[in-house]
Amino acid sequence: MLKNRFKSKRKRRKEEEEEEGLHISIVYGYFSNLSTTCHFPQHPFALPYATASPLIYLRRPIILGIIKEQLMEMFEMPRLNSIHQTQNRINKFHLLQAFLTLLLQLLYHKTDLIVARFLYKLEKELRFLLTILGDISWMMLDKDPDLPDFEGVANQAGSFVHSLFFSYDPAFKKEKNERLAAVLNRTDLLKANLESYIMSKPAYTTPTTSIVDSILILDSLVHDLEDLLKPGDDQIADVKDQVNLLHHELRLSHSSINDMRSPQPSEVEELKDPLMRIGGIAHQAEYLITSFLVKDAPLWYVFNRLTDLNHRIQPVRTELQLITLKYSFGGLKLVEELIQDKRNTEVNVVTVGFEDITIKTLDQLVGGSESLQIISILGMPGLGKTTLAKKLYNHPLVNYTFDKLSWCVVSQTYKRHDILANILIHINTELGNDKILEMEEMILVEHIYKTLKGRRYLIVLDDIWESNVLDGLLRCFPDDGNGSRLLFTSRNKDVAPPNSVIYKLPFLTDEQSWELLEKKAFGCGICPAGLQGIGKKIAARCCGLPLTVVVIAGVLLTMDEEESKWEEVGVNLASYTDNSVRQILELSYKHLPDHLKPCFLYFGGFKEDEEISVGNLKRLWVAEGFIRKEKDKSAENIAGEYLMELIDKSLVMIGKRRIDGRGAKSCVVHDLLHDLCMKKNKEESFLKYLNNDYSTIFEKGHRMQGNGDSAISSYCQHVRSFVADKQSSSFNVRNMRLLRVLYFKGYRSNCKTFGIEYLVNLRYLIIGNLPTWMDSLVNLEYLRLGYSFRYLLPSIVKMKKLRYLCAYSIDYGEDWNKYQTNNLEYLSNFRIRKVKDEELLKCSPHLRKLKCTYVTKGIMDKSAYPHFDLCFLTLLDSLSLFGFLGKRDFGFPSNIRKLELYGSGFPWEKMSIVGRLEFLEVLKLREEAFVGKRWDTRDDEFQKLRFLQLENIEFSEWNVASSEHFPVLQQLILIGCKNLREIPDEIGEITTLELIEVKRHCLSSVVESAERIKEQQRDMGNEELRVVIHGSTYKLP
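What you see is a predicted model; the values in this text were computed from it and never measured.

Take the overall build of the chain next. Helices and strands together make up the secondary structure of the chain, namely 30 helices and 34 strands. Long-range contacts, defined as pairs at least 24 residues apart, comprise 62% of the intrachain contacts of the chain with a sequence gap of at least 6. Of the roughly 46,200 Å² that the chain leaves accessible, carbon and sulfur atoms contribute 50%.

Structure below.
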């Protein structure tokens, strides 16, 4: 008994020490950050042994006692006159927010239930004060002498909190209630003064947001308010009239902006100011409504503030409508200055690296179909589209083949009359230039048509930006079946008409860049040996862009041939190219439709040259609110369309393609474009990259990326997205109420994140661990959990909007209601053990992708699921199944397109169940998914299979009676099939075959059969088949 009591006492003491350590850690984080940010004077933690974190020495009682004694003087508001003058951006409100956050985090972590109830009122009042301080309109009033005394209340509350947590004074326990009452009385007086202040000064200035964010926030808030105003949702019942009116005004503004097609709203100078003011009002409204939903702001405050916002939005909305009206009816067209330097540079470029495309395009120009054909050369700015087109235009064979030739630069600021006049001047030398320039468009069209009629012609249109350029031009060009051609260059794929022949320019390799640099810098000469090393380094830094290489070669031409001079150019390469390449790229960004600008800028949040998962990128875009809603289309499909638009405009490159051929699996952004994203993010305050100076968060910016330091949460009341490289041991997100995305890349399951239940706007969450109460996350769509998370809370899957759920291992637990359906579309790592688990899967009728594990104790396990039948998942598109089923019966949904089986142990006789899946396109069999020595394929199976991967399958014979068994197979991958003797010859008769890949420990006879098939395909005219061999092979003994 005595021993148990001693253990219990020791356990309580340990828990108290851990709580003390947490409290000290919170205070340490606050003051350390304040000292770094504001150059604040030395604080108690600035001790010789407190180098990195108090967690190192918190359990040393003597040190802990010294720190506690010195803390009292720090529990009052830091004064601005104590902070270095260089920190002018720090104002009183910023310091107040950080200080109140410190107090609230300490109160949040008070685990004693009796004390917690006692402090509830204080926490609520301080939370309200923090909400007011976060209301952006107040930020500009911190020097107003009439402003109520926030600082005095904060200091009195700080003194009370210090005594509560760190004081040894026994008198405090007796005076605790009285001192708390005094703090609360003072906060009541502050609120009364504050209400009078608001009523007397309602018309303070509206803060603005950037153009990109204004359009974005306006769009997302309109849709979010529609959900809140649905019948039956009483969360905002007390302010519903105000929210309704606000939604009406925002919707009118939103409609006006969306009605504009050309130019984009962001391109109209007179529209920028009202648009930024509308964005500022929308952001304030979002902050106020969210604060009300999480009970951080009382009714009277939100009511008054929303009433004021409604009063201020009406004149701005009217101004915005009047401006957009004239553009909606095609009134004006903005004119952009042409960057002629680019044209002048590209004309004289020596082409390198485009030999294959040059030959193919030339062959298409002078040969090919006799019908009129349109040929498109596509590529990002600086790749040499114009150069290649000019080389083809001036080629002797082209000049010999065509009767009439014309070269016309279109550009972004084209005029149809000028284009027509330019064409006619080239093809008709009888008419004078002055006479042609005076002709009307219809007369020009008639003359061009008559001049070209019956003749073989080539018309080149250089630098087309928009698809409507060709709308009024194609009628000029007769199709007489004589091999005439239209050739145009563009950075946008969508300008190419249907049935065009498209050639997309690649980037130069490092070797090709050096070859071009050497030719331009030395002409017919050879680079001296002493300069070749630095020369190749300079070429590699040109990022594969011919235009950059040419600009740098021009700089080198003016310099002495000395290594030191060339090294200086290499160091300062960016400064030499800024005025050409970067201007061209900026023009590409400026010309982007407004809905694509945030999507493009978002790439700045990824590392340079990072291969980005397309699936995850689309989900992030949806969660951030970048995707505009459309009827009968899912947000993720629209996001895919946005990405393809960026790819077609040569601003994003495909990294890897999906194995089913349906689009990109990953994408990459070129280094120069990544630099542009970073630059524009800074200019637009779109995405902020945090260092240790967290005060910069107070500057405009609604998306943050940082290191996951817990101190950051003091400054993030207006942050809508937070992505951290790692997660600190404890992270409090209670203040980050506007968050839509919370993403810890380096999450750990032992890290604790507090306050998630208050993030009512959250859409996307990747985290190591979750609190038990999740019902408030009504908007959550994507959830990925840490490796230690096993049993799911029923409240998680009840979330109506949750569509993606990923965890290391998922069980629903015992309390799950099998009659409660959900909207999950993606479920990863679900464990199937018993019949009950099938019933639980039936609660997810919308599943499209499932990764699951069949768990059994062995063949004799009578409690195991007797048969594996998922046919009830009628929408399932992709299935990955792990685990041994052996001879148990199984069934798969008929709609499956992608199937992966791992270690299933099925006999080959049951392969027909898989082969008869009529929509199956991708099949991966891994680690003895099927067992036995021989696989015999059958008729009418695998009729749509395009990709087949066999990995570590222990079979020796593969009999394919006919190529009709795999009629559309494109890729065959064999990995570690060490007993398979050869690939059937019938595989070589499949006309669609593109790739055979053999990896790791396959027989040499398999490689020989693959090479034999390649020869068969060549004899059939298929020159595209590739055979790739990786790793060692061996022969049978």
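Another aspect to go through is the sheet that holds strand β7 (residues 653-654). Pairing within the open sheet is antiparallel, and its 3 strands lie in the order β6-β8-β7. Every interior strand has two partners, whereas the edge strands, β6 (612-613) and β7, have only one. In this structure, β7 lies alongside strand β8 (residues 666-668), joined through 2 bridges in antiparallel fashion. In the sheet register, Ile-654 faces β8, and the bridge partner there is Cys-667.

Moving residue by residue along a regular strand, the side chains alternate between the two faces of the sheet. Alternating residues of strand β5 (residues 501-504) divide into Val-501 and Tyr-503, all buried, and Ile-502 and Lys-504, none buried. Relative to β5, strand β1 (residues 373-378) is paired through 4 bridges, and the arrangement is parallel. The residue of β5 that forms the bridge with Ile-377 is Tyr-503.

The next subject is empty space enclosed by the protein. Tallying each qualifying case throughout the model produces 11 cavities of 30 Å³ or more. Sorting the residues of the lining of the second largest cavity by element identifies α7 (211-228) and α23 (597-601) as the ones contributing at least two each. At 5 residues, α7 tops the list of elements feeding residues into the lining of the second largest cavity. Split into classes, the residues belonging to the lining of the second largest cavity amount to 6 nonpolar, 2 polar and 4 charged.

In terms of burial, strand β31 (residues 995-999) is largely enclosed, as 4 of its 5 residues are buried. Where strand β30 (residues 971-975) and β31 come together, 5 bridges link them in parallel fashion. Bridge pairing in β31 places Ile-975 opposite Lys-999.

Summed over the entire model, instances satisfying the criterion amount to 45 salt bridges. A salt bridge links Arg-897 to Asp-877; its shortest N-O distance comes to 2.8 Å. Of the two residues, Arg-897 is situated in the loop between β22 (890-891) and β23 (898-902) and Asp-877 in the loop between β20 (868-869) and β21 (878-882); the sequence distance between them amounts to 20 residues. Relative accessible area serves as the criterion here: at 15%, Arg-897 is assigned to the buried category. Exposure remark for Asp-877: the relative accessible area of 24% places this residue in the partly exposed category.

Scanning all chains against the criterion turns up 28 aromatic pairs. With centroids separated by 5.2 Å and ring planes inclined at 20 degrees, the aromatic side chains of Trp-908 and Phe-930 adopt a geometry described as stacked. Residue Trp-908 is found in the loop between β24 (906-907) and α29 (911-915), and its partner Phe-930 is found in strand β26 (residues 930-931); the two are separated by 22 residues along the sequence. When its relative accessible area of 0% is taken as the criterion, Phe-930 is described as buried. Here the aromatic rings of Trp-935 and Phe-966 are separated by 6.3 Å at their centres, their planes lie at 85 degrees, and the arrangement is edge-to-face. Taken together, the positions of Trp-935 in strand β27 (residues 934-936) and Phe-966 in the loop between β29 (957-959) and β30 put the pair 31 residues apart, joining distant regions of the chain. Note on accessibility: Trp-935 and Phe-966 belong to one class, buried. An aromatic cluster is present here, built from Phe-890, Phe-892, Phe-906, Trp-908, Phe-930, Trp-935, Phe-942, Phe-955, Trp-958 and Phe-966 joined pairwise through their rings.

The next point concerns the side chain of Ser-721. Relative to the helices and strands, Ser-721 resides in strand β11 (residues 721-724). At 2.6 Å, the side chain of Ser-721 and the side chain of Glu-624 are in polar contact. Ignoring anything within four residues of it in the chain, the contact list for Ser-721 reads Tyr-602, Glu-624, His-702, Arg-703, Met-704, Leu-739 and Val-741.

Before going further, it helps to spend a moment on helix α6 (residues 171-200). With 30 residues, α6 extends 43 Å from end C-alpha to end C-alpha; this agrees with the ideal 44 Å at 1.5 Å per step. Along α6, the sharpest kink reaches roughly 45 degrees, centred on Asn-177.

Another aspect to go through is the environment of Leu-739. The topology assignment puts Leu-739 in the loop between β12 (730-732) and β13 (741-744). Residue classification places Leu-739 among the buried residues on the basis of a relative accessible area of 0%. Remark: the alpha-carbon pair of Leu-739 and Arg-703, spanning 36 residues in sequence, is separated by 9.1 Å. With near-sequence residues (within four places) excluded, Leu-739 lies in contact with Val-719, Arg-720, Ser-721, Phe-722, Leu-759, Asn-761 and Leu-762.

To continue, consider the packing of helix α19 (residues 529-540) against helix α21 (residues 563-571). Where α19 contacts α21, the axes come no closer than 10 Å and their chain directions differ by 5 degrees. When the interaxial angle is binned, α19 and α21 end up roughly parallel. Touching Gly-530, Leu-531, Ile-534, Gly-535 and Ile-538 of α19 are Glu-563, Trp-566, Glu-567 and Gly-570, all from α21. For the contact of α19 with α21, the per-class residue count stands at 4 nonpolar, 3 polar and 2 charged.

This part is about the sheet that holds β5. Pairing within the open sheet is parallel, and its 5 strands lie in the order β2-β3-β4-β1-β5. Looking at the sheet topology across the chains shown, the edges are occupied by β2 (404-409) and β5. Taking the axes of each pair of neighbouring strands and ignoring which way they run, one obtains an average angle of 15 degrees across the sheet. Taken together, the 5 bridges between strand β3 (residues 457-464) and strand β4 (residues 485-490) define a ladder with parallel strand orientation. Each residue of the ladder has a partner; that of Ile-459, found in β4, is Leu-486.

Right, let's get into the confidence of the model for the chain. Summarising the model, the chain shows a mean pLDDT of 79, and 77% of its residues fall at 70 or more. Note on residues 36-60: pLDDT is under 50 here. Beyond four places in sequence and across chains, it has 61 contacts. Here residues 329-350 scores under 50 on pLDDT; set against residues more than four positions off or in separate chains, the count is 44 contacts.

This part covers unusual backbone geometry. The backbone of Ser-685 sits at a positive phi, close to 50 degrees, despite the residue not being glycine. By the secondary structure assignment, Ser-685 is in the loop between α26 (671-684) and β9 (688-689).

Before going further, it helps to spend a moment on the nonpolar core. Counting residues in hydrophobic clusters, the biggest one holds 90 residues, and the most contacted among them are Phe-722, Leu-850, Phe-892, Val-914, Trp-958 and Phe-966. Among the elements that take part in this core, helix α30 (residues 1004-1019) stands out by supplying 4 residues, more than any other. Apart from residues lying up to four places away in sequence, Val-914 is in contact with Phe-890, Phe-892, Leu-899, Leu-901, Leu-920, Leu-923, Phe-930 and Phe-942. Counting 74 residues, the second largest nonpolar core, distinct from the first, contains Phe-93, Leu-95, Ile-198 and Leu-306.

For α30, which comprises 16 residues, the first-to-last C-alpha distance of 23 Å matches the rise-based estimate of 22 Å (1.5 Å per residue) to within 8%. Two residues or fewer after α30 comes Gly-1021, characterised by a positive phi angle close to 95 degrees.

Where helix α3 (residues 92-108) contacts helix α5 (residues 150-166), the axes come no closer than 10 Å and their chain directions differ by 30 degrees. Judged by the angle between their axes, α3 and α5 are roughly parallel. Remark: the crossing between α3 and α5 carries left-handed chirality. Contacts between α3 and α5 pair Lys-92, Leu-96, Phe-99, Leu-100, Leu-103, Leu-106 and Leu-107 from the former with Phe-150, Glu-151, Ala-154, Ala-157, Gly-158, Val-161, Leu-164, Phe-165 and Phe-166 from the latter. By residue class, the composition of the contact of α3 with α5 is 13 nonpolar, 1 polar and 2 charged.

We now examine the environment of Ile-987. By the secondary structure assignment, Ile-987 is in the loop between β30 and β31. Along the primary structure Ile-987 and Phe-966 are separated by 21 residues, whereas in three dimensions their C-alpha atoms are 7.8 Å apart. Look past the residues within four positions of Ile-987 in its chain and what remains in contact with it is Trp-958, Val-960, Phe-966, Leu-972, Leu-993, Ile-1013 and Gln-1017.

The rules we used
- Residues numbered from 1 in each chain as written.
- Predicted model: local features only at pLDDT ≥ 70, side-chain atom pairs only at ≥ 80, totals over all residues.
- Heavy atoms only, no water.
- Helix = DSSP H or I, 4+ residues; strand = E, 2+ residues; numbered from the N terminus.
- Contact = heavy atoms within 4.5 Å.
- Areas by Shrake-Rupley, 256 points an atom, 1.4 Å probe, with all protein chains shown as cover.
- Pairing = 2+ DSSP bridges.
- Buried < 20%, exposed > 50% of the residue type's maximum accessible area, 1.4 Å probe, protein only.
- 1 Å grid on protein atoms, 1.4 Å probe; cavity = no way out; pocket = protein on both sides within 12 Å on 5 of 7 lines; lining within 4 Å.
- Points joined across faces, edges and corners; volume = space filled by probe spheres on them.
- Nonpolar A, V, L, I, M, F, W, Y, C, P; charged D, E, K, R; others polar.
- Salt bridge = Lys/Arg side-chain N within 4 Å of Asp/Glu carboxyl O.
- Phe/Tyr/Trp six-rings, centres within 6.5 Å; stacked < 30°, edge-to-face > 60°.
- Polar contact = N/O pair within 3.5 Å; in protein donor to acceptor, adjacent residues only side chain to side chain.
- Expected span 1.5 Å × (residues − 1).
- Bend = angle between axes of the 7 residues up to and from the residue.
- Axes fitted to C-alpha atoms, helices over the stretch in contact; angles between N-to-C directions.
- Parallel < 35°, antiparallel > 145°, perpendicular 65-115°, else oblique.
- pLDDT = per-residue confidence, 0-100.
- Core = buried A, V, L, I, M, F, W, Y, C linked by side-chain atoms within 4.5 Å.
- Left-handed = near helix turned anticlockwise from the far one by under 90°.

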